[in-house]
Amino acid sequence: MSGERGRVLLAVCGGIAAYKACEVLRALQKSGCEVRVTMTEDATRFVGPVTFESLSGAPVATSLYDYPGSAIPHISLAEWADVAVVVPATANVLAKMACGIADDCLTTTLLACACPVLVAPGMNVHMWQNPATQANVSTLRERGVRFVGPDSGRLACGEVGEGKLASVDEVVEAALALLAPRDLAGFRVLVNAGPTHEAIDPVRYIANRSTGKMGYAIAAAAARRGAEVTLVSGPTSLVTPADARRVDVVSAAQMHDAMLAAFDAADVAICSAAVADYTPVAPADHKLKKSHEHLDAIQLTETADILADLCATKGARVVVGFAAETDDLLAHAQEKVDHKGADLIVANDVSRPESTFGADTNRVALVTANGIEQLDTMPLANVADAILDWVRNHASRQ
Ligand code: CTP
């Protein structure tokens, strides 16, 4: 059980095909994966947890309150996993996943998973074809959940039709395809993310609409792919990606200092942060009174350009910037390649719903001095992987 291929969380739900999950577990192990298991209570009626415990060599998580080795199994398992595979996925668990319901160990763990999630449905044909189930499947697909099967055939209930769990080989192949290669092992990747807050006084500040989701997705994907990741983050409400070192900053000046300090020990820098372009010249040390303290005329000064400063000292290292635009996207992005000296500018049109601030998808173009590659609208994790693929092909470990 070396696990050199990756770590798979097997989520077993209460359907007759639960016994097939044992075979999936075995096949994953044979392919070099380490497997841990969480089960619903109903699943334990079909196959005892002892079976999965013996096969996996690890405790099986069936309860949020009783899991050896961790007081918070749903978080530790979700962070541990490189991929989560739901076998068999029942209509009930699909519905809970689509609604974000977390009312047992399995669904809570799935909700906490930032890794790719693969779902292998197995159920009665009418339950599968029910518009409610189909709507849930569409919702989950849109969010980036991958599906394998179901196949058509004779079902355990005696009916013939769609709903049969995909074959063990299909499930395993789909899971392996989702296991990120650790192709960035040895790379030190520095990422910045989120907005900055520029203080006007102790109460007020200037900020922007960035949520940091894109940068956090890049940091998570880079860490998953084996890179040593430092994430310099402006104020966000996001959870630190597993295995990333996070440095919190507030202002553009703090982000500038943190990025330049960390760049010494980096092979790659990816500047996805929406850094404030201007900051108040003299933030007040007390709350300004609107009646007589000139809140209508705050004097601003331009901030230092972090991306341009990194590019000025980068040498052979790869530096990636972003261009969030509302018009003339590609022309502006190309200007940024030229002016800032970045190797790659990731351009997105923030006036479109699929690529705006806070969206879970993005539609970007990869713009370099040599040309433009337009990518499709994809979940943020896939956009992150596409950017990192470009980085892997152009960067070298220093
Ligand atoms: N950037 C930076 N430091 C700044 C401003 C921007 O590092 N003070 C970086 C961003 O992180 C991004 C790139 O520069 O990678 C482009 O940012 P953007 O806001 O699109 O462009 P600006 O250079 O600020 O120009 P403009 O706002 O006029 O488009």
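Our structure's up above, just so we're on the same page.
Assigned secondary structure in the protein consists of 14 helices and 21 strands. Overall, the C-alpha framework of the protein stretches about 75 × 50 × 40 Å when taken along its three principal axes. Considering the protein as a whole, with its 398 residues, one finds that 51% of them fall into the buried category. Residue pairs at least 24 apart in sequence account for 67% of intrachain contacts in the protein once pairs closer than 6 positions are excluded. Counting every atom, the protein has about 18,100 Å² of accessible surface; 50% of that belongs to carbon and sulfur. Put simply, the protein has 33 plus and 47 minus side-chain charges, and the middle of one group is 4 Å from the middle of the other.

Moving on, we come to helix α13 (residues 329–340). Look at α13: 16 Å from first C-alpha to last across 12 residues, which is about the 16 Å you get at 1.5 Å a residue. Count one or two residues on from α13 and you reach G341, which has phi positive near 80°.

The residue V117 is located in strand β4 (residues 117–121) in this model. Given a relative accessible area of 9%, V117 falls into the buried group. On a C-alpha basis, the gap between V117 and V85 in space is 5.9 Å, while along the polypeptide they are 32 residues apart. Ignoring sequence-local partners within four residues, the contact set of V117 consists of A84, V86, M97, V145 and R146.

So, about the pattern of salt bridges. Tallied over the entire structure, the rule returns 16 salt bridges. Of the charged contacts, one joins R392 and D183 as a salt bridge, the two residues approaching to 2.5 Å between their closest N and O atoms. Residue R392 is located in helix α14 (residues 380–394), and its partner D183 is located in the loop between α9 (168–178) and β8 (188–193); the two are separated by 209 residues in the primary sequence. A relative accessible area of 16% means that D183 is categorised as buried. Of the charged contacts, one joins R204 and D201 as a salt bridge, the two residues approaching to 2.5 Å between their closest N and O atoms. Counted as one network, the salt bridges with shared partners bring together D183, R225, D385, D389 and R392.

Turning our attention to the environment of L106. Tracing the sequence through the fold places L106 in helix α6 (residues 105–112). The class of L106 is buried, set by a relative accessible area of 0%. Each C-alpha atom of the pair L106 and L64 lies 8.8 Å from the other, and the pair is 42 residues apart in sequence. Not counting residues up to four positions away in its chain, the partners in contact with L106 are A11, V12, C13, T38, M39, T40 and V93.

The residue T230 is located in strand β11 (residues 228–233) in this model. Setting aside residues up to four positions removed in sequence, T230 forms contacts with V189, L190, V191, R245, V247 and A262.

About the criteria used
Residues numbered from 1 in each chain as written. Predicted model: local features only at pLDDT ≥ 70, side-chain atom pairs only at ≥ 80, totals over all residues. Heavy atoms only, no water. Helix = DSSP H or I, 4+ residues; strand = E, 2+ residues; numbered from the N terminus. Buried < 20%, exposed > 50% of the residue type's maximum accessible area, 1.4 Å probe, protein only. Contact = heavy atoms within 4.5 Å. Areas by Shrake-Rupley, 256 points an atom, 1.4 Å probe, with all protein chains shown as cover. Lys, Arg positive; Asp, Glu negative; His and termini not counted. Charge placed at Lys NZ, Arg CZ, Asp CG, Glu CD. Expected span 1.5 Å × (residues − 1). Salt bridge = Lys/Arg side-chain N within 4 Å of Asp/Glu carboxyl O.

Treat this as a map of the structure, not an account of what it does.
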